[in-house]
Amino acid sequence: MNHLDTLEADSIDIFREAVAESERPVLLYSIGKDSSVLLHLARKAFYPSKPPFPLLHVDTTWKFREMIAFRDRIVAELGLELIVHRNPECVALGINPFDHGSARHTDLWKTQGLRQALDAGRFDVAFGGARRDEEASRAKERVFSFRTAQHRWDPKNQRPELWRLYNTRVAPGESIRVFPLSNWTELDVWRYVERERIPVVPLYFAAQRQVVDRDGLLIMVDDDRMPLVSPPRTELVRFRTLGCYPLTGAVRSEARTVSEIVEEMRAATTSERQGRLIDHDQSGSMERKKQEGYF
Amino acid sequence: MELLRFITCGSVDDGKSTLIGRLLYESKLLYADHLAALEADSRRVGTRGGELDFALLVDGLAAEREQGITIDVAYRFFATEARRFIVADTPGHEQYTRNMVTGASTADAAVLLLDARKGVLSQTRRHARIVSLLGIRHVAVAVNKLDLLEYSQEVFEKIQAEFPDTTCIPMSATEGVNVIGHSELTPWYDGPTLLQWLESVVVETEEDGPSRFLVQWVNRPDATFRGFSGRVLRGTLRQGDEVRVGERTSTVDRIVTMDGDLAEAPKGSSVTVVLADDVDASRGDVLAAASDPPAVADAFQAHLVWLSEAGLMPGRRYLAKIGARTVGFTATKALQLNEIGTDTVHFEAPVPFESYRTNRDLGSFVVLDRLTNATVGAGMIDCALRSSNLRWQTLTVDKQARISRNGHRPCVVWLTGLSGAGKSTIADLVEKALHAAGRHTFLLDGDNVRHGLNSDLGFSDADRVENIRRIAEVAALMVDAGLIVLVSFISPFRAERALARELVAENEFCEVYVDTPLAVAEQRDPKGLYARARRGELANFTGIDSPYEPPENPEIRLDTTALSPAEAASAVVARLRSLGIC
Ligand SMILES: Nc1nc2c(ncn2[C@@H]2O[C@H](COP(=O)(O)OP(=O)(O)OP(=O)(O)O)[C@@H](O)[C@H]2O)c(=O)[nH]1
Ligand SMILES: [Mg+2]
């Protein structure tokens, strides 16, 4: 078995353990490349059965339109159950990154929204596509990561996790976040997308797009809700990660295929999180957000 | 490119995180934005007066940065031309040993660091012991911080002498000496640099062996398909193979994956197996090569590492997860946090297993607390103590032979209750009746045994547990010898009585609760003990200042306020008769 085969087999193993030992699992589907790989692995893990859990998308109403179209197409094609949750308070207050700032926007839509959705579904296991190579506090997290009834992560007191013997036991209200891609790198993800021909949102591929400069990032103009200070210009860009469009920076790139992305990745000198506004609000901000229940 | 999983370990502050940071930095594996963050963080929270503090690349938690120590394992991924690596940087602080064990459990190689100024510390030794216990065969010793000793060859060689047959590398993590390339600062050293050593480690693949497939999930999308989803843990599984599950055998009809059926699945693959016959396998079962299935047992000699502040209580009932099964578990010796020991352990149900040496997946288990659900311990199986499998050495004169000779089944009649409840009196009468009826009996009485076998034990909780453990073992031996064993002991703890029950077969244990309220027993006080305990002359007296946990489901309950001793004894004899024992 080669490297990708082993990663695949490990992830499938994780999916099966979690499902066999939980009552109400759910897959957190954020539409990005990691979610696409996660979903692909989930299908493999249970084939010929369908994945025995719904997908949950915590929507912010600020995602790229292409993401939503892609989501609805994939879910329809695969015949899966999709739960879309939008924090009703945010809807009522019209929370957005321009008036309320990226930190509050993210906290209210995503962190609080996720907690609401998990509570409503009484889910005891939530699969996520986080990888340890993404960020320093992720690098510390277990594959089966315990959450209190308040969805809190206690990084100073994680359960020991030995071999492949995952502890899935929780009291009512508590839950486990399960990360089948823990040991994958960004490059592994793209190589796997290439090998398995996994469909991903076209925004990952270079194209001429309308962009403006904002807070040091190259932001794509996805609709007319973003206040513009200068007229947008057209550039050949793509995205390394996807999120809310006003908070997600594009990179100049000519990579139009997965294999060109893989080539580009090998030579990359910056990390994928470079393009995310929410992550460098402050050093250590991811850990704090995670403690509060962020994904 | 072959993967190497390794850890850095050793005592607190010896430079493990700095070394990993340096390794990533020097192999040009850092992204520009990570480097910029490192520079900023080094100025803000670094330990090196504003210079790059490489430890900050791995010490990613806020608390770690505040305290300047590693708390939990960080996993980092990198590759060189020659090899791909996953490194787990583990904490040296004793308090976080469980996190070191977590990192070590999946490693093939270990870099054991020590501070050249301090040499080998007790925590260095503990880590070395854990590394060897977990079966990590490749170890290099990095003698770090030599920059503070002017790269003294003498100091290095003195430390090296403590590790015969082990690669020792003189090093400075902060200065990058002998991390990637050789340094002119140690002209006297001609061994490998750390990276050279890591690239040269040859990971031996586990011997192929007979196939083992662990069932994780029964796959039943509809009435026409029934497959077993799981993983090949050993050997290679092939279509057409004859396999055994427990007592049944069948043939591998299909090996199903989403990419089509396979002719064979090598060790490590996650697949779904369809059998030719309608065999009822379930989660936790092992499909194994029919010619050479794994042994099945419920009592083992194992190495245990204890990971919880609350120490291991011998005889207490925990849970163990092994393979894809979770079963009741008890151990026999006490262990404190971070302690390592060899112990006799009991599973409440027999499990298929291999020794840890033969196969990590089928030879390892974790111990979970029933109440808190915490992971409290980890174990590695050395061998089975009482195998319930077919390969168990058959003794010519076995239990069955003794039953035929004696004309009755053996069993343990366990009388529990407060001091002065009437246990000994009733036990004596029962034995007299059985003896008269020609049964082979023996009576183990608490007071008598404390004069001999258990004369070294007092009345602390730990001693009471050990007292009962020994009696339970003796009683089990006597059952093997074919006797009806009457045990008359206060035996205050449920967990220990459960252990005694587990040591014999299911129909060979009869718990008799001699139920006498404390007030009544105290009033009878045949030996004057209650009076002395009340005066404070006897410490740890059951019912007074030491707890008694009454049985929840005894086979027999005797209410001694309603029954005379003779009536109680005949009730026991009648019940034994109805259980088919005499
Ligand atoms: N002079 C000198 N200092 C070093 C060297 N290696 C590490 N240090 C310093 O020693 C201190 C501890 O280093 P760490 O890398 O955090 O040690 P550690 O082994 O990871 O510690 P724990 O993970 O908490 O057990 C830091 O201040 C380092 O800068 C070295 O080679 N020379
Ligand atoms: Mg450290």
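Residues numbered from 1 in each chain as written. Chains lettered and ligands numbered in written order. Predicted model: local features only at pLDDT ≥ 70, side-chain atom pairs only at ≥ 80, totals over all residues. Heavy atoms only, no water.

1. So, the overall build of chain A
Turning to step 1, where the next piece is worked out: Within chain A, the secondary structure is distributed over eight helices and ten strands.
Turning to step 2, where the next piece is worked out: Taking 2.2 N^0.38 as the reference for a compact globule, 295 residues should give roughly 19 Å; the C-alpha atoms of chain A span a radius of gyration of 19 Å, in line with that estimate.
Turning to step 3, where the next piece is worked out: Seen through its C-alpha atoms, chain A measures out along the principal axes to roughly 55 × 45 × 40 Å.
Turning to step 4, where the next piece is worked out: Burial status across chain A gives 60% buried among its 295 residues.
Turning to step 5, where the next piece is worked out: Considering only contacts within chain A whose residues lie at least 6 apart along the sequence, 74% involve residues at least 24 apart.
Turning to step 6, where the next piece is worked out: In chain A, which carries 44 positive and 44 negative side-chain charges, the distance between the mean positions of the two groups comes to 1 Å. (Helix = DSSP H or I, 4+ residues; strand = E, 2+ residues; numbered from the N terminus. Rg over C-alpha atoms; globule rule 2.2 N^0.38 Å. Buried < 20%, exposed > 50% of the residue type's maximum accessible area, 1.4 Å probe, protein only. Contact = heavy atoms within 4.5 Å. Lys, Arg positive; Asp, Glu negative; His and termini not counted. Charge placed at Lys NZ, Arg CZ, Asp CG, Glu CD.)

2. Observations regarding the coordination of the magnesium ion (ligand 2)
Residue and element names in this part refer to chain B.
Turning to step 1, where the next piece is worked out: Coordination sphere of the magnesium ion (ligand 2), protein contribution only: Ser-17 (OG) and Thr-70 (OG1), at 1.9 to 2.0 Å. Here Thr-70 lies in the loop between α3 (62-67) and β2 (74-79) and Ser-17 lies in helix α1 (residues 16-26), a separation of 53 residues in the sequence.
Turning to step 2, where the next piece is worked out: Looking at Thr-70, the relative accessible area reads 10%, which means it is buried. (Donors = N, O, S within 2.8 Å, 3.2 Å for Na, K, Ca; no water.)

3. Topic: the site of ligand 1
Residues and elements named next belong to chain B.
Turning to step 1, where the next piece is worked out: In the neighbourhood of ligand 1, 21 residues make up the surrounding shell, with Lys-16, Thr-18, Arg-48, Thr-70 and Asp-147 lying closest.
Turning to step 2, where the next piece is worked out: Thr-47 is positioned with one of its side-chain polar atoms (N or O) 2.8 Å from an oxygen atom of ligand 1.
Turning to step 3, where the next piece is worked out: Taken by itself ligand 1 offers 650 Å² of open surface, and the protein chains cover 93% of this.
Turning to step 4, where the next piece is worked out: No other element matches α1, which puts three residues into the shell around ligand 1.
Turning to step 5, where the next piece is worked out: Residue composition of the shell around ligand 1, by class: five nonpolar, ten polar and six charged. (Near = heavy atom within 4 Å. Polar contact = N/O pair within 3.5 Å; in protein donor to acceptor, adjacent residues only side chain to side chain. Areas by Shrake-Rupley, 256 points an atom, 1.4 Å probe, with all protein chains shown as cover. Nonpolar A, V, L, I, M, F, W, Y, C, P; charged D, E, K, R; others polar.)

4. Focus on the sheet that holds strand β2 (residues 55-58) of chain A
All names here are of chain A.
Turning to step 1, where the next piece is worked out: Spatial strand order, β3-β2-β1-β4-β6-β5: six strands in an open sheet with mixed pairing. Edge positions in the open sheet fall to β3 (82-85) and β5 (144-147), since each of these has one partner strand only. Shown here is a sheet whose adjacent strand axes are inclined to one another by a mean of 30 degrees, direction ignored.
Turning to step 2, where the next piece is worked out: When β5 meets strand β6 (residues 175-178), the two strands line up antiparallel, connected through four bridges. Across the sheet, the residue bridging to Phe-144 is Val-178, located in β6.
Turning to step 3, where the next piece is worked out: The strands that helix α1 (residues 3-20) touches are β1 (25-28), β4 (125-127), β5 and β6; relative to β4, the one it contacts most, it runs at about 160 degrees.
Turning to step 4, where the next piece is worked out: Lying over the sheet, helix α2 (residues 33-46) contacts β1, β2 and β4, oriented at roughly 145 degrees with respect to β1. (Pairing = 2+ DSSP bridges. Axes fitted to C-alpha atoms, helices over the stretch in contact; angles between N-to-C directions.)

5. Considerations on the pairing of β2(A)
All names here are of chain A.
Turning to step 1, where the next piece is worked out: What you see with β2 is no split at all: Leu-55 and His-57 on one side and Leu-56 and Val-58 on the other are buried throughout.
Turning to step 2, where the next piece is worked out: Taken together, β1, α2 and β2 form a β-α-β motif whose crossover is right-handed.
Turning to step 3, where the next piece is worked out: Here β2 runs beside β3; their pairing, made up of four bridges, is parallel. Paired with Val-58 across the strands is His-85, a residue of β3.
Turning to step 4, where the next piece is worked out: Handedness of the crossover joining β2 and β3 through helix α3 (residues 65-78) is recorded here as right-handed. (Right-handed = clockwise from strand over helix to strand, strands pointing away.)

6. Describing helix α5 (residues 122-133) of chain B
Residue and element names in this part refer to chain B.
Turning to step 1, where the next piece is worked out: Its twelve residues give α5 an end-to-end C-alpha distance of 16 Å, which sits within 8% of 16 Å, the value for a rise of 1.5 Å per residue.
Turning to step 2, where the next piece is worked out: Buried within α5 we find Gln-123, Thr-124, His-127, Ile-130, Val-131 and Leu-133.
Turning to step 3, where the next piece is worked out: Once α5 finishes, Gly-135 follows within two positions and takes phi at roughly 80 degrees, a positive value. (Expected span 1.5 Å × (residues − 1).)

7. Considering the sheet that holds strand β8 (residues 227-234) of chain B
All names here are of chain B.
Turning to step 1, where the next piece is worked out: If you trace the six strands once around the closed barrel, you get β7-β8-β13-β11-β10-β14, paired in antiparallel fashion. Along the sheet, successive strands turn relative to each other by an average axial angle of 45 degrees, direction set aside.
Turning to step 2, where the next piece is worked out: Two strands pair when backbone bridges link them, and strand β7 (residues 212-219) and β8 are joined in this way by seven bridges, in the antiparallel orientation. Note that in β8 the partner of Val-215 across the bridge is Gly-230.

8. Comments concerning the state of the cysteines
All names here are of chain B.
Turning to step 1, where the next piece is worked out: Tallying each qualifying case throughout the model produces zero disulfides over all chains.
Turning to step 2, where the next piece is worked out: Cys-168 takes part in no disulfide bond, and the closest cysteine sulfur, belonging to Cys-9, lies 13 Å away.
Turning to step 3, where the next piece is worked out: Looking at Cys-168, the relative accessible area reads 3%, which means it is buried. (Disulfide = S-S within 2.5 Å.)

9. A closer look at the confidence of the model for chain B
All names here are of chain B.
Turning to step 1, where the next piece is worked out: On average, chain B scores 90 in pLDDT, and the residues at 70 or more come to 98%.
Turning to step 2, where the next piece is worked out: pLDDT under 50 marks residues 389-394. Its contacts with residues more than four places away, or in other chains, come to nine contacts.
Turning to step 3, where the next piece is worked out: The ipTM assigned to the predicted complex is 0.88, against a pTM of 0.77. (pLDDT = per-residue confidence, 0-100.)

10. Describing the pattern of salt bridges
Turning to step 1, where the next piece is worked out: Taken as a whole and judged by the stated rule, the model has 61 salt bridges over all chains.
Turning to step 2, where the next piece is worked out: Ionic pairing is found between A:Glu141 and A:Arg147, a salt bridge with its closest N-O pair at 3.1 Å.
Turning to step 3, where the next piece is worked out: For the salt bridge of B:Glu466 with B:Arg470, the shortest nitrogen-to-oxygen distance reads 2.8 Å. Of the two residues, B:Glu466 and B:Arg470 are both situated in helix α12 (residues 461-480); the distance of four residues between them amounts to about one turn of the helix.
Turning to step 4, where the next piece is worked out: What makes B:Arg470 buried here is its relative accessible area of 18%.
Turning to step 5, where the next piece is worked out: If you follow the salt bridges from partner to partner, you end up with A:Asp5, A:Glu8, A:Lys44, A:Arg195, A:Glu196 and B:Asp259 in one network. (Salt bridge = Lys/Arg side-chain N within 4 Å of Asp/Glu carboxyl O.)

11. Some words on the pairing of strand β4 (residues 109-115) of chain B
All names here are of chain B.
Turning to step 1, where the next piece is worked out: Of all seven residues making up β4, seven are buried, and the element is well covered by its neighbours.
Turning to step 2, where the next piece is worked out: The two faces of β4 match: Ala-109, Val-111, Leu-113 and Asp-115 on one face and Ala-110, Leu-112 and Leu-114 on the other face are all buried.
Turning to step 3, where the next piece is worked out: Pairing of strand β1 (residues 3-10) with β4, which is carried by five bridges, proceeds in the parallel orientation. Residue pairing across strands places Phe-6 opposite Ala-109, the latter belonging to β4.
Turning to step 4, where the next piece is worked out: Strand direction decides the pairing type here: β4 and strand β5 (residues 138-144), joined by seven bridges, are parallel. By the bridge assignment, Ala-110 is partnered in β5 with Val-139.
Turning to step 5, where the next piece is worked out: Running through α5, the crossover from β4 to the neighbouring parallel element β5 is right-handed.

12. Quick look at α1(A)
All names here are of chain A.
Turning to step 1, where the next piece is worked out: Between its first and last C-alpha, α1 extends 26 Å over 18 residues, near the 26 Å set by a 1.5 Å rise per residue.
Turning to step 2, where the next piece is worked out: Most of α1 is tucked away, with 14 of its 18 residues classed as buried.
Turning to step 3, where the next piece is worked out: Residue Asn-2 occupies the N-cap position of α1, its side-chain oxygen lying 3.1 Å from the main-chain nitrogen of Leu-4.

13. Side note on the interface of chain A and chain B
When the parts of a complex come together, some accessible area is lost, and that lost area is often taken as the interface size.
Turning to step 1, where the next piece is worked out: Counting residues at the interface gives 60 residues for chain A, matched by 74 residues for chain B.
Turning to step 2, where the next piece is worked out: Summed over both sides, the interface between chain A and chain B buries roughly 5,300 Å², with carbon and sulfur atoms accounting for 54% of that surface.
Turning to step 3, where the next piece is worked out: Interface area lost by chain A to chain B is led by A:Arg16, A:Lys140 and A:Trp163, which between them contribute 16%.
Turning to step 4, where the next piece is worked out: On inspection of chain A and its partner chain B, the count reaches ten salt bridges. (Buried area = accessible area lost by both parts, 1.4 Å probe.)

14. Quick notes on unusual backbone geometry
Outside of glycine, negative phi angles account for most residues, and trans bonds account for most peptide bonds.
Turning to step 1, where the next piece is worked out: Cis geometry is found at the peptide bond from A:Tyr47 to A:Pro48, where omega equals 5 degrees.
Turning to step 2, where the next piece is worked out: In this model, B:Lys145 sits at a positive phi of 65 degrees, which is unusual for a non-glycine residue.
Turning to step 3, where the next piece is worked out: Even without a glycine there, the phi angle at B:Asp525 is positive, about 35 degrees.
Turning to step 4, where the next piece is worked out: Its place among the elements puts B:Asp525 in the loop between α14 (518-524) and α15 (529-534).

15. Brief notes about the packing of α2(A) against helix α6 (residues 186-196) of chain A
Residues and elements named next belong to chain A.
Turning to step 1, where the next piece is worked out: Two numbers describe how α2 lies on α6: the axes approach to 10 Å, and their chain directions differ by 55 degrees. One way to sum up the angle between α2 and α6 is to call them oblique. As for the relative orientation of α2 and α6, their crossing is left-handed in sense. The segment α2 lies against α6, with Lys-33, Asp-34, Val-37, His-40, Leu-41 and Lys-44 engaging Glu-186, Val-189, Trp-190, Tyr-192, Val-193 and Glu-196.
Turning to step 2, where the next piece is worked out: Looking at the contact of α2 with α6 residue by residue, the class counts come to six nonpolar, one polar and five charged. (Parallel < 35°, antiparallel > 145°, perpendicular 65-115°, else oblique. Left-handed = near helix turned anticlockwise from the far one by under 90°.)

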